[in-house]
Every structure is written in C-alpha cells, then in structure tokens.
Amino acid sequence: MERRTIGAAALEVGAIGLGCMPMSWAYTGSRQRGDESVRTVHAALDRGSTLLDTADMYGPFTNELLLGRVLKERRGDAFVSTKCGLLVGEQHVVANGRPGYVKRACDASLRRLQTDTIDLYQLHRADPEVPVEETWGAMAELVGAGKVRALGLCAVGARATRRGRAGLHAGTIRQLERVQQVFPVSAVEAELSVWSPEALETLLPWCEARGVGFLAAMPLGNGFLTGTLTPGQGFEPDDLRARHPRFTAEMMAANQPIVVGLRRIAARHGEAVTPAQVALAWVLSRGRHVVPVPGAKRERWAAENAAAAELRLTDRDLAEIGELPRARGSWD
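The shown structure was predicted, so the numbers you read here are calculated from the model rather than taken from an experiment.

Further remarks concern helix 6 (residues 203-210). For helix 6, the full list of buried residues reads L203, L204, W206 and C207. Looking straight down helix 6, one finds its buried side chains confined to an arc of 160°; they lie on one side. Exposed residues pointing more than 90 degrees away from the buried face of helix 6 are listed as E208 and A209. Lining the buried residues of helix 6 we find helix 5 (170-180), strand 10 (187-191), strand 11 (213-217) and strand 12 (290-293). The positive-phi residue at the C-terminal boundary of helix 6 is G211, with phi of around 70°.

In this section: the packing of helix 5 against helix 6. Between helix 5 and helix 6, the shortest axis-to-axis distance is 10 Å and the interhelical angle comes to 20°. When the axis of helix 5 is compared with that of helix 6, the two are roughly parallel. Between helix 5 and helix 6 the crossing geometry is right-handed. Listed contacts from helix 6 to T172, I173, L176, E177 and Q180 of helix 5 are L203, W206 and R210. The residue makeup of the contact of helix 5 with helix 6, split by class, is 4 nonpolar, 2 polar and 2 charged.

With that settled, consider the pattern of salt bridges. Counted under the stated rule, the structure contains 22 salt bridges. For R241, the salt bridge goes to D239, with nearest N and O atoms at 2.9 Å. Using a relative accessible area of 10% as the deciding quantity, one classes R241 as buried. One network of salt bridges, with partners in common, ties together R264, R268, R316, D317 and E320.

Below, the discussion takes up helix 8 (residues 256-268). With 13 residues, helix 8 extends 19 Å between its outermost C-alpha atoms, agreeing within 8% with the 18 Å of an ideal straight helix rising 1.5 Å per residue. Among all positions of helix 8, only I258, V259, G261, L262, I265 and A266 are buried. Take helix 8 and look down its axis: the buried residues cluster within an arc of 160°, on one side only. Turning to helix 8, the residues buried within the fold contact helix 9 (275-284) and helix 11 (315-322).

Taken together, the 8 strands give an open sheet; going across it, the order is 3-4-5-8-9-10-11-12, and neighbouring strands pair in parallel fashion. One side of each edge strand has no neighbouring strand; the edge strands of this open sheet are strand 3 (18-19) and strand 12. Here strand 4 (residues 51-53) runs beside strand 5 (residues 79-84); their pairing, made up of 3 bridges, is parallel. Paired with L52 across the strands is V80, a residue of strand 5. Relative to strand 8 (residues 118-123), helix 3 (residues 99-113) is tilted by about 140°, and along the sheet it contacts strand 5, strand 8 and strand 9 (148-154).

Turning our eyes to something else, we now look at the pairing of strand 5. Counting buried positions over the 6 residues of strand 5 gives 6, a clear majority of the element. Taking every second residue as pointing to the same face, both faces of strand 5 are buried, with F79, S81 and K83 on one and V80, T82 and C84 on the other. At this point the chain moves from strand 4, through helix 2 (residues 62-74), to the parallel strand 5, and the crossover so formed is right-handed.

It is worth spelling out the confidence of the model for the protein chain at this point. The predicted model of the protein chain has a mean per-residue pLDDT of 93, with 94% of residues at 70 or higher. Low pLDDT, under 50, characterises residues 158-164; the stretch is placed with 16 contacts to residues that sit more than four places away or in other chains.

Another aspect to go through is the pairing of strand 10. Counting buried residues along strand 10, 5 of its 5 residues qualify, which places the element largely inside the surrounding structure. Here strand 10 shows two buried faces, one formed by A187, E189 and E191 and the other by V188 and A190. Pairing of strand 10 with strand 11 involves 5 bridges; the strand directions are parallel. For A187, the partnering residue across the bridge sits in strand 11 and is G213. In terms of handedness, the path from strand 10 via helix 6 over to strand 11 forms a crossover that is right-handed.

Bringing the packing of helix 1 (residues 34-46) against helix 2 into the picture now. Closest axis-to-axis distance for the helix 1/helix 2 pair is 9 Å, and the angle between their directions is 45°. With respect to helix 2, the axis of helix 1 lies oblique. For the pair helix 1 and helix 2, the sense of crossing is right-handed. Residue-level inspection shows G34, D35, S37, V38, V41, H42, L45 and D46 of helix 1 in contact with helix 2, the latter providing L66, L67, R69, V70, E73 and R74. Each residue belonging to the contact of helix 1 with helix 2 can be placed in one class, and the counts come to 6 nonpolar, 3 polar and 5 charged.

This part is about the nonpolar core. Core analysis: the biggest nonpolar cluster contains 85 residues, and Y121 and F214 have the highest contact counts within it. Counting residues per element, this core draws most heavily on helix 9, at 8 residues. Not counting the four nearest positions on each side in its chain, Y121 is found in contact with T82, K83, C84, V102, A105, C106, M139, L142, V148, A150, L151 and G152.

About the thresholds
Residues numbered from 1 in each chain as written. Predicted model: local features only at pLDDT ≥ 70, side-chain atom pairs only at ≥ 80, totals over all residues. Heavy atoms only, no water. Buried < 20%, exposed > 50% of the residue type's maximum accessible area, 1.4 Å probe, protein only. Helix = DSSP H or I, 4+ residues; strand = E, 2+ residues; numbered from the N terminus. Arc of directions from axis to C-beta. Contact = heavy atoms within 4.5 Å. Axes fitted to C-alpha atoms, helices over the stretch in contact; angles between N-to-C directions. Parallel < 35°, antiparallel > 145°, perpendicular 65-115°, else oblique. Left-handed = near helix turned anticlockwise from the far one by under 90°. Nonpolar A, V, L, I, M, F, W, Y, C, P; charged D, E, K, R; others polar. Salt bridge = Lys/Arg side-chain N within 4 Å of Asp/Glu carboxyl O. Expected span 1.5 Å × (residues − 1). Pairing = 2+ DSSP bridges. Right-handed = clockwise from strand over helix to strand, strands pointing away. pLDDT = per-residue confidence, 0-100. Core = buried A, V, L, I, M, F, W, Y, C linked by side-chain atoms within 4.5 Å.

This is the structure we're talking about:
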C-alpha cells in the first residue's frame, strides 16, 4: 500500500487506516465479536493499513484491550493512535483535561495496548475547566518521557448544524493555534467524506499550510456511503445512527442519489469496485497529508477498504462527485 506521512516528524503510515471504534463502541452491540475483530485488525495490517485508531473511551477501555491482543504479536507492523480526555458515565460523557489525569490515562492505555510507546496520542476533547495549554503541556511531557511519539487533536466540530456551515471548525482552529505554541501538532482528526466535506473549507487548508497530517474520520459516512444500508431498516438503540438526523428512513431515502452517483462511478472502474472504495479514493485525492480512517469490524470490509488505495479517480469522476447533491438531515 502507498505510504503517507503525518506531521513534521514525518511519521509514516499506510494511506488508509483502520478505525477500531465500531468493534467496541457506538454501533450495533449485538454484532460486536472480539475474536472476529481481532482477525479484522490482522487483515488490515496484512494489507498495509498500519494506522490503528482507537481511544480509551471506546468500550470504555475494551477497544484498547482488544488491540493489545494484536499488538502483543505485531507491534512492529502497527502505528498506534489512541486518545484521552473523555470520561464515560452511565448516561453521559464528560471531558477531563487535568494534567495529572492525562498522565495516568496514558499509563493505563499503554498497559491495555501492551506496548511501551503510543505513536500518536490525541486529545479527544478539550476540558472547558482547564486551559488547553495545560493539558497539551502534560501531553508534551509524555513525549519527553518517551511514552508518546507525537501529539494530535480531534476536531470539536463534527457536522454542519441548522445554523449552517460557516465557522464549523473555527473553535478547533483556535485551539490548534493555542496548543501549537506549546508543542507541535502532528495530526488533526475530523470528519471528512463525500457527504460531509465541510473540513475542506478551513480546517484542511490550515493543516496543509503547516505540514500537519489530517486523519479523515467517518470517510464512509457512518456506513451510508457503502451503499449497503436500506432506508427504513432501523438500528438497535445502542447504535449512534438510531439518533442521527441523516439516518431516519426519510433522510436515508432522500440521500440515495449520493450513493447512486458513487455506484455509477464505481461501475466505470470495474465490476469489483464498490461505492465505498470510490468514497475513500475521493478522500485520498484531497491531499497527500490526508489519511482516511474508515471503521470496520469485519475482515471483508477491512480488505475492501484497503484496496481503495489502488483506485485512481479521473478528473471526470471528481467532477461528478463535486456535483452530487448536498446531504440532507432531518433538520433540513
């Protein structure tokens, strides 16, 4: 697989990563199986998808434990990205950016992951009660201690709201400007996909101008862009899509033209090419500093996603994608 670099430290990863969250968190719980997920991670690594993206809150904790089973055998094949800064309660998630907590969280992640070093340690969310510079300073000390190789930040904005897209990532950019004065940012993780392209407006250019890597979260639109979901099929209560404004039966039907367009482009490249691979190839085309991180919990999906690195979209393909209708949510 093609290799790409993240940040000024030139950390090298496969062009397409593996989002591990669906294996343990936020998606249909009844379909989460540990042994199958372990095989999926192995399948991704076998195909060059070296960046494994997780967080201590996924589970919570169980996702890191799962990855630790693989890393115990294949640490040299993997680039490990995990996150801190969020605590999970019974019915809520709260931020904790206190320096002491950050250091304890890192040590706990290292134990669960069965590794001595985290390649990319990301701040999941800034704590409104703690100056972000203090949190980032504690994370920088972890780099100095050899526990972490590089630091990243997750974007606070994830999707356009009914107020429109203007300034969607303004808060994230302000945070980035502040922490950059403390210690270099190597990567930013934020949503970017065919149906959520908002990061192209300000956040992606900010990263490109400063040599910061961009990890494209949800590049398959929470599974919608794969073309495998049926409008009205319903989701289990623990699945985030059950409460997502783009996954009501009405909105899934209204957004089908996006999938139809991706399927049409895929057909031009061969019978084996899928809409999901076209969607990932589009993200890859956004810049050499961009690494899509699609989630997967099945071997076949990890293999299909990795194969998208070989797909080269034409100018005609890119123009057609640019003309696809804007995605709608239940608020539109």
